[in-house]
There are 2 protein chains.
Amino acid sequence: MADETVLLGHGSGGTMMKRIIDDVFAATYGSEELAQGNDAALLPAPAPGERLAFSTDTFVVTPHFFPGGNIGRLAVCGTVNDVATSGAKVKYLSVAMVLEEGFPMDDLRRICETIREVAAEAGVHVVTGDTKVVNRGHGDGIYINTAGVGLVPAGVELSGANCKPGDAILLSGTLGDHGICIMSQRENLSFNAPIESDAAPLNGLIADVLAAAPDTRCFRDPTRGGLASTLNELGAQSGVDMVVSEDDVPVKNVVRGACDMLGYDVFQVANEGKMVCIVPAEQTEAALAAMKANKYGADAAIIGRVEEADETRGPKVFLETGFGSRRILDMLVGEQLPRIC
Amino acid sequence: MADETVLLGHGSGGTMMKRIIDDVFAATYGSEELAQGNDAALLPAPAPGERLAFSTDTFVVTPHFFPGGNIGRLAVCGTVNDVATSGAKVKYLSVAMVLEEGFPMDDLRRICETIREVAAEAGVHVVTGDTKVVNRGHGDGIYINTAGVGLVPAGVELSGANCKPGDAILLSGTLGDHGICIMSQRENLSFNAPIESDAAPLNGLIADVLAAAPDTRCFRDPTRGGLASTLNELGAQSGVDMVVSEDDVPVKNVVRGACDMLGYDVFQVANEGKMVCIVPAEQTEAALAAMKANKYGADAAIIGRVEEADETRGPKVFLETGFGSRRILDMLVGEQLPRIC
């Protein structure tokens with residue numbers, strides 16, 4: 001393929017579009033289903049009783065490449081993780097690209113190659129897609145939307161509305177790595193230790209935890225808005241308080257230092273490879289052991305507990321500090337770090 | 001809601017994002033499934049034997065509002081139609097927005113209200129979504145990605161690879177309305193008669209045709225690349241020639257005039273509310289009658305036939321003119337009209 005950059009014609013519906021689909025998309029992350037060549041992918045009938053899980057996310061991060069990954073890795077992990085939080089086996093992915101005229105074809109190939117790798121690791125097939133090209137100066141090089149479909153086995157009933165007083169709050173690893181990585185790349189800051197994005201597919205970790213702790217209430221990944229927003233959402237859905245012990249939350253020293261220096265609250269910084277998990281007290285140790293045994297859960301920790309909410313003030317999230325004080329951990333209001341995913 | 005324009009914070013994952021979701025998205029096209037509030041929508045188990053159909057499309061058209069619709073109408077119709085071509089009952093839609101900082105909130109509400117209307121007409125539920133906000137000067141006001149999931153009843157086997165010599169080619173209405181509408185808006189051209197986009201959900205029309213002509217080979221909507229690209233795709237998938245009789249192809253006079261004046265080939269102009277349908281000869285009249293009885297098929301016509309391809313030169317699409325001549329109808333190569341969907 002001679003084209004070295006993306007051209008408007010690659011989004012035309014004509015032979016140039018057929019070429020970019022065949023030579024770039026199908027050649028990297030193609031699948032049997034994608035090769036059907038119809039307007040919709042036809043997928044096998046689920047087993048009797050299997051429900052569907054469906055989620056979507058668009059990725060607009062800049063820079064497109066960063067330590068620990070690129071926008072393609074995010075695009076697969078983000079949607080795989082969202083679908084997996086339902087307890088689903090994540091099966092099928094759509095990949096829709098909005099490319100800016102002039103985007104380097106080599107960068108596109110690298111991103112597509114990453115999509116192939118991560119999809120293979122997560123065990124999902126890219127079965128359908130779309131390509132649009134916008135004029136130079138619009139878009140931002142590349143935006144990627146993915147939507148994912150999973151199959152939820154009968155009997156699995158996870159929801160953020162299931163949390164109960166007495167449950168434990170587990171976190172699968174260190175906070176803030178992705179957001180601080182992107183920010184430091186964008187601002188050209190360098191630290192003593194490299195900060196890598198944590199972007200990772202966590203469907204395997206979720207399956208491991210569910211096998212070890214089958215009464216797990218819910219999973220949620222603390223992406224935009226960070227842990228603070230995730231816990232506030234879960235607390236509000238279940239009508240309960242969440243109490244986090246600050247000293248128990250794993251944070252890398254270099255990330256903590258960057259947050260202190262720059263005035264970011266690590267509890268509001270985005271993560272792309274971490275999972276919050278609410279587990280009944282008696283299954284906490286089993287869930288933690290399962291997390292730690294997974295390659296993406298080595299730093300997992302029990303970081304807090306669910307408590308009854310005060311009826312008059314409504315559900316809140318509290319942070320207990322090492323000095324014995326308690327402060328309210330609010331949801332992020334506006335934008336701390338734009339374009340991190 | 002006081003915010004009059006979209007701000008970066010509306011994509012933050014925090015309380016501002018919660019507000020735009022609650023007050024704009026859920027308030028217009030919300031559904032019971034969207035209200036679950038988890039990271040993935042949990043959807044009922046399909047009936048035994050029902051297969052899944054899955055498709056996606058991103059919409060980047062400018063202008064966002066045009067005679068006959070807006071980007072929201074396109075975003076629903078485009079994906080509904082793609083999923084419906086598989087013979088599926090179209091059930092679930094994701095809506096993922098990329099908004100530019102400063103986009104007027106009133107325009108967003110109008111677009112969301114349209115999404116609600118068209119989704120209701122098509123009988124699909126918006127069950128999951130995503131919101132990203134990009135900096136001023138990036139994106140292009142609004143991009144919308146939709147992905148759709150449908151359920152294909154047992155026994156329905158449609159594919160572009162099914163076409164056989166002797167089959168008839170049906171078209172559900174006039175060619176070129178959408179592409180010429182967008183182009184004339186963008187270039188500020190005015191014609192004697194108004195040109196409206198044909199954007200329409202065609203899942204009902206497809207169901208009607210399938211009921212009347214159960215051995216229908218396939219459906220495909222001639223969007224980007226127009227009828228020429230669609231027929232070339234189908235011909236290549238099935239290894240057959242497609243022969244179109246020019247005089248039988250319905251085209252509005254004003255669209256034909258605009259194409260002549262501007263040098264566009266109407267066979268390569270995009271449509272957003274038309275369906276090509278390949279039907280075995282003996283069911284042609286039944287399929288045509290079903291199309292004509294549908295509100296979106298009044299101008300339907302039999303426009304050609306499938307023929308055996310010459311083994312040495314491979315499948316081709318031919319246009320037979322009124323003067324008895326035959327010319328090859330090629331696939332669009334590059335870009336005729338950018339940003340039309």
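Residues numbered from 1 in each chain as written. Chains lettered and ligands numbered in written order. Predicted model: local features only at pLDDT ≥ 70, side-chain atom pairs only at ≥ 80, totals over all residues. Heavy atoms only, no water.

As annotated in an unreviewed UniProt entry, chain A carries the name Hydrogenase expression/formation protein HypE and is attributed to Slackia isoflavoniconvertens. Of the comments in the UniProt record for chain A, the one headed Sequence similarities (unreviewed entry) reads "Belongs to the HypE family." (UniProt positions renumbered as here; feature names shortened; annotations may be inferred.)

*Asks:* How should I be thinking about the UniProt feature "domain: PurM-like C-terminal" (unreviewed entry) in chain A in this particular structure?
*Replies:* UniProt records the feature "domain: PurM-like C-terminal" (unreviewed entry) at residues 164–312 of chain A, using the numbering of this structure. Within residues 164–312 of chain A, the helical portion is 36% and the strand portion 17%, while the C-alpha atoms at the span's ends are 18 Å from each other. (Helix = DSSP H or I, 4+ residues; strand = E, 2+ residues; numbered from the N terminus.)

*Asks:* In this structure, what is going on with the pairing of strand 11 (residues 276–279) of chain A? I would like to understand it.
*Replies:* If a strand is regular, its side chains alternate between the two faces of the sheet. Residue and element names in this part refer to chain A. The alternating pattern of strand 11 places V276 and I278 on one face and C277 and V279 on the opposite face, and all of these are buried. Alignment of strand 8 (residues 168–171) against strand 11, held across 4 bridges, turns out to be antiparallel. Within strand 11, the residue paired with A168 across the bridge is V279. Across 3 bridges, strand 9 (residues 218–220) lies against strand 11 in antiparallel orientation. From the neighbouring strand, C218 faces strand 11, where its bridge partner is I278. (Buried < 20%, exposed > 50% of the residue type's maximum accessible area, 1.4 Å probe, protein only. Pairing = 2+ DSSP bridges.)

*Asks:* I'm lost on the pairing of strand 5 (residues 89–100) of chain B in this one. Help?
*Replies:* All names here are of chain B. Of all 12 residues making up strand 5, 10 are buried, and the element is well covered by its neighbours. Of the strand pairs in this sheet, strand 5 and strand 7 (residues 142–152) are connected by 10 bridges, and their pairing is antiparallel. By the bridge assignment for strand 7, Y92 is matched with V149. Across 9 bridges, strand 5 lies against strand 6 (residues 125–134) in parallel orientation. Bridge assignment links E100 to a residue of strand 6, and that residue is V134. Crossover strand 5 to strand 6 through helix 3 (residues 105–122) is right-handed. (Right-handed = clockwise from strand over helix to strand, strands pointing away.)

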